[in-house]
Every structure is written in C-alpha cells, then in structure tokens.
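# Structural overview
Residues per chain, in single letters:
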Amino acid sequence: NLDRSLTLDQRAMKLAEELNDPNLIAQSFVGLANDRTRMGEYAAALALYDRALEIAKGLGERADPAPIYMNTGAVYSFLGLPEKALDALNEALTIYEARGDRGSAMLAGINLPAAHAANGRHAEATAALWNAGDQGRRRGGTARAGKGWGQRWRWSIGRAVLGQR
C-alpha cells in the first residue's frame, strides 16, 4: 500500500541522515520519488530524483545513477515532455551499455520508442524498437509460446507505440 511505502521511505531517509551515509540518502530520495510518482505528484518526484542524482554523481562508482535516469525519463513521459524523457533514457542506456549490462540496457531501450513516438519521431521510434528487440534477443531467454525476448518486446511495444505488429 502506498501510505505504508511512503512511511517506510520517510523512516529510511531519517535513518540515512542520522547515519550521514550519502549512498543511503540518495537511495532514500529515490524511494520517496517513486512514492510521489505513484501518487501522481510528478513535480515533487522530479525534485527528489534530481537530489538523488546530484548525490549519486558525487559518489562516483559507489553509486549507480542509471536507474535514476530511467525513472526520471518515465516521469517526463508522464508529464508529456518527450524530449526530456529521451535525454534521461539515453543517459541510462549509455551507462548500461558502457558497463556491458545488456539486460538493463534492454530495459532502458524499451522505453525509448514510446518517447520518440510521443515526440512525433516515428522513424526513430521504429529504430529504437528494433534495437530494444535485438538487445533482448542477445540477453537470451524465452518468453511464453516459444517467442524469444527480442520478438516479444518488438511485438508488444510496436503494437502499443506504433499501432502495428
């Protein structure tokens, strides 16, 4: 339940501040931002994600800013700001690809087609859609009915974003 999640995240922040642990503080900001996102309080969520990102960048390799960028991209999409969503999602994708994290790169990549399509960039949406599918296929694994990850992602995202199979 959302109220319980918010209460627990507020307690986590208080403890992180008492411990004066920047990594825990950044993680607590992310938890609180996630709560605000689920509550539809997008401006508050973005402010919290920005604070988390600022701390994470200052921690260097001890923190991972990529998920923060992904969450920020989602919020910008909710707000109807596809250009900012693309910037954030591309930051996440760049980080994941640089460290060879194909699974997370695929997750970042599957959000790009919707942001491109919302910005009227259908050619880029289609290219991002195929790239996400290829990332999924390289990741391995199979989906229900024997379809591979790549095929499943292309089909489901393409249908939702581009109105086609």
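Figured I'd write up the structure that's included with this text. What you are looking at is a predicted structure, and each value in this text was computed from that prediction instead of being measured.

### Looking at the nonpolar core
Residues Phe 29, Tyr 49, Ile 68, Ala 92, Tyr 96, Ala 108 and Leu 112 are the most contacted members of the largest nonpolar core, which totals 34 residues. Sorting the residues of this core by element identifies helix 1 (2-19), helix 2 (22-38), helix 3 (42-58), helix 4 (66-78), helix 5 (82-98) and helix 6 (102-118) as the ones contributing at least two each. Examining the composition of this core, we find that seven residues originate from one element, helix 3, more than from any other. The residues touching Tyr 49, leaving out its near neighbours within four places in the chain, are Val 30, Ala 33, Asn 34, Thr 37, Ile 68, Asn 71, Thr 72 and Val 75.

### Structural notes on helix 5
Under the 1.5 Å per step criterion, the end-to-end length of helix 5 is 24 Å for 17 residues, consistent within 8% with the ideal 24 Å. Among the residues of helix 5, Pro 82, Ala 85, Leu 86, Ala 88, Leu 89, Ala 92, Leu 93 and Tyr 96 are the ones counted as buried. One or two steps after helix 5, the chain reaches Gly 100, where phi turns positive at roughly 75°.

### Details of the packing of aromatic side chains
By the definition in use, this model includes one aromatic pair. Between the aromatic rings of Tyr 42 and Phe 78, the centroid separation amounts to 5.4 Å while the plane-to-plane angle is 40°, which identifies the pairing as tilted. With Tyr 42 in helix 3 and Phe 78 in helix 4, this residue pair connects regions lying 36 residues apart in the sequence.

### A short note on a nonpolar patch on the surface
Among the surface-exposed residues, Leu 15, Leu 19 and Leu 24 lie close enough to one another that they form a single nonpolar patch of about 270 Å² accessible area. You can see Leu 19 is positioned in helix 1. Judged by its relative accessible area of 53%, Leu 19 falls in the exposed class.

### Some words on the environment of Ala 85
Among the secondary structure elements, Ala 85 is positioned in helix 5. Relative accessible area serves as the criterion here: at 0%, Ala 85 is assigned to the buried category. Taking C-alpha positions, Ala 85 is 6.5 Å from Ala 74, a pair spaced eleven residues apart along the chain. Among residues more than four places away in sequence, those in contact with Ala 85 are Gly 73, Tyr 76, Ser 77 and Ala 115.

### Some thoughts on the pattern of salt bridges
Going through the model one piece at a time under the given rule, you end up with four salt bridges. One salt bridge in this structure joins Asp 35 and Arg 38, with 2.6 Å as the shortest N-O distance. Note that Asp 35 and Arg 38 are positioned in helix 2 at a spacing of three residues, about one turn of the helix. The exposure class of Asp 35 is buried, given its relative accessible area of 0%. Judged by relative accessible area, which is 51%, Arg 38 ranks as exposed. When the shortest N-O distance is used, the salt bridge between Arg 99 and Asp 64 registers 3.0 Å. Taken together, the residues Arg 99 in the loop between helix 5 and helix 6 and Asp 64 in the loop between helix 3 and helix 4 connect sequence positions 35 residues apart. Using a relative accessible area of 42% as the deciding quantity, one classes Arg 99 as partly exposed. For Asp 64, a relative accessible area of 31% puts it in the partly exposed group. Three or more residues are tied together by salt bridges with common partners; here these are Asp 64, Arg 99 and Asp 101.

What counts as what
Residues numbered from 1 in each chain as written. Predicted model: local features only at pLDDT ≥ 70, side-chain atom pairs only at ≥ 80, totals over all residues. Heavy atoms only, no water. Core = buried A, V, L, I, M, F, W, Y, C linked by side-chain atoms within 4.5 Å. Buried < 20%, exposed > 50% of the residue type's maximum accessible area, 1.4 Å probe, protein only. Helix = DSSP H or I, 4+ residues; strand = E, 2+ residues; numbered from the N terminus. Contact = heavy atoms within 4.5 Å. Expected span 1.5 Å × (residues − 1). Phe/Tyr/Trp six-rings, centres within 6.5 Å; stacked < 30°, edge-to-face > 60°. Patch = residues over 30% accessible without salt bridge, like charges linked within 9 Å, V, L, I, M, F, W, Y side chains within 5 Å. Areas by Shrake-Rupley, 256 points an atom, 1.4 Å probe, with all protein chains shown as cover. Salt bridge = Lys/Arg side-chain N within 4 Å of Asp/Glu carboxyl O.

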